[in-house]
Amino acid sequence: MSSLEAAKCQKMSDEIANLVELSPMVYRAFSTTPRTPFVPVSINAFKLDAHPIGSNQWISSPLTVAKMTMALEAENCDNILEIGCGSGYQAAILAKIARRVFSVERIEALANSAKSLMKNLGINNVFIRFDDGNLGWRSYAPYDRIILSCFCDVVPDRLFEQLRDGGILVAPVAKDGKQYITQYKKSGNQINCKTLGECVFVPLLGGTTDK
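Residues numbered from 1 in each chain as written. Predicted model: local features only at pLDDT ≥ 70, side-chain atom pairs only at ≥ 80, totals over all residues. Heavy atoms only, no water.

Caption draft 1: Summary view of the pattern of salt bridges. All told, the structure shown has 6 salt bridges when counted by the stated rule. For Arg100, the salt bridge is made with Asp78, and the minimal N-O distance between the two is 2.7 Å. Here Arg100, found in strand 4 (residues 98-105), pairs with Asp78, found in strand 3 (residues 77-83); they are 22 residues apart in sequence, far enough to count as distant. Judged by its relative accessible area of 26%, Asp78 is partly exposed. Across the pair Asp144 and Arg164 runs a salt bridge whose closest N-O atoms are separated by 2.6 Å. Residue Asp144 is found in strand 6 (residues 143-148), and its partner Arg164 is found in strand 7 (residues 163-175); the two are separated by 20 residues along the sequence. (Salt bridge = Lys/Arg side-chain N within 4 Å of Asp/Glu carboxyl O. Helix = DSSP H or I, 4+ residues; strand = E, 2+ residues; numbered from the N terminus. Buried < 20%, exposed > 50% of the residue type's maximum accessible area, 1.4 Å probe, protein only.)

Encoded structure:
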């Protein structure tokens with residue numbers, strides 16, 4: 001990462017920390033993860049806004065990524081499942097705080113691009129699969145944490161089945177025409193739910209597509 005990129009990441013992290021309480025590990029993840037490779041070149045990558053990334057998809061505001069990451073309580077976890085890889089920025093952040101990140105993307109062009117980007121950045125603990133996110137990624141289940149980078153009306157039961165007992169799932173959930181970051185904690189056969197702040201994400205869709 002260039003010194004200019006590092007300085008901009010540091011400034012962005014400070015702006016986020018002024019608005020959201022960040023743990024030292026999460027703050028460091030934002031400060032040390034380059035942002036510009038994950039957004040179109042023509043866009044100011046460091047604004048606290050969402051940006052289009054092609055294929056009718058968006059990269060979330062870094063502020064929203066921070067809120068989701070903090071809600072996940074994922075520091076030093078063994079494995080995390082992400083549904084909706086997009087350009088890969090959320091996965092890259094999670095790669096700094098957990099041992100392994102498994103990310104599923106239903107759009108083949110985005111999945112391939114994110115794979116190449118992780119390789120170019122030397123991020124070796126993120127594994128990306130082109131598939132329907134509703135299916136999760138059963139091969140490496142159960143997961144300590146699961147995060148949905150797309151909103152749904154109801155979290156698919158299949159994803160809760162792949163969550164470890166005692167694990168946490170964080171998802172944007174639609175209710176009354178709005179979306180809310182929602183934290184679920186699994187305890188045996190019970191799922192305890194907590195609604196956090198508002199958010200805006202693209203929807204969780206079924207199936208796969210090449211672009």
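Caption draft 2: Fine view of helix 5 (residues 108-121). When the terminal C-alpha atoms of helix 5 are compared, their 20 Å separation across 14 residues agrees well with the 20 Å that a helix rising 1.5 Å per residue should span. Looking at the buried side of helix 5, the elements it contacts are strand 1 (51-54), strand 2 (57-59), helix 4 (89-95), strand 4 and strand 5 (126-130). Phi turns positive, to about 75 degrees, at Gly122, one or two residues after helix 5. (Expected span 1.5 Å × (residues − 1). Contact = heavy atoms within 4.5 Å.)

Caption draft 3: Up close: the sheet that holds strand 9 (residues 190-199). Strand order across the open sheet formed by 7 strands is 5-4-3-6-7-8-9, with mixed pairing between neighbours. Looking along the sheet, the strands with just one partner apiece sit at the ends: strand 5 and strand 9. Going across the sheet, the axis of each strand differs from the next one's by a mean of 20 degrees, ignoring polarity. Sheet topology note: the strand 7/strand 8 (residues 178-187) ladder contains 8 bridges and is antiparallel. By the bridge assignment, Ala171 is partnered in strand 8 with Thr182. On top of the sheet, helix 3 (residues 62-72) reaches strand 3, strand 6, strand 7, strand 8 and strand 9; it is set at about 145 degrees to strand 7, its chief contact. (Pairing = 2+ DSSP bridges. Axes fitted to C-alpha atoms, helices over the stretch in contact; angles between N-to-C directions.)

Read these as layout, nothing more, since geometry by itself doesn't imply function.
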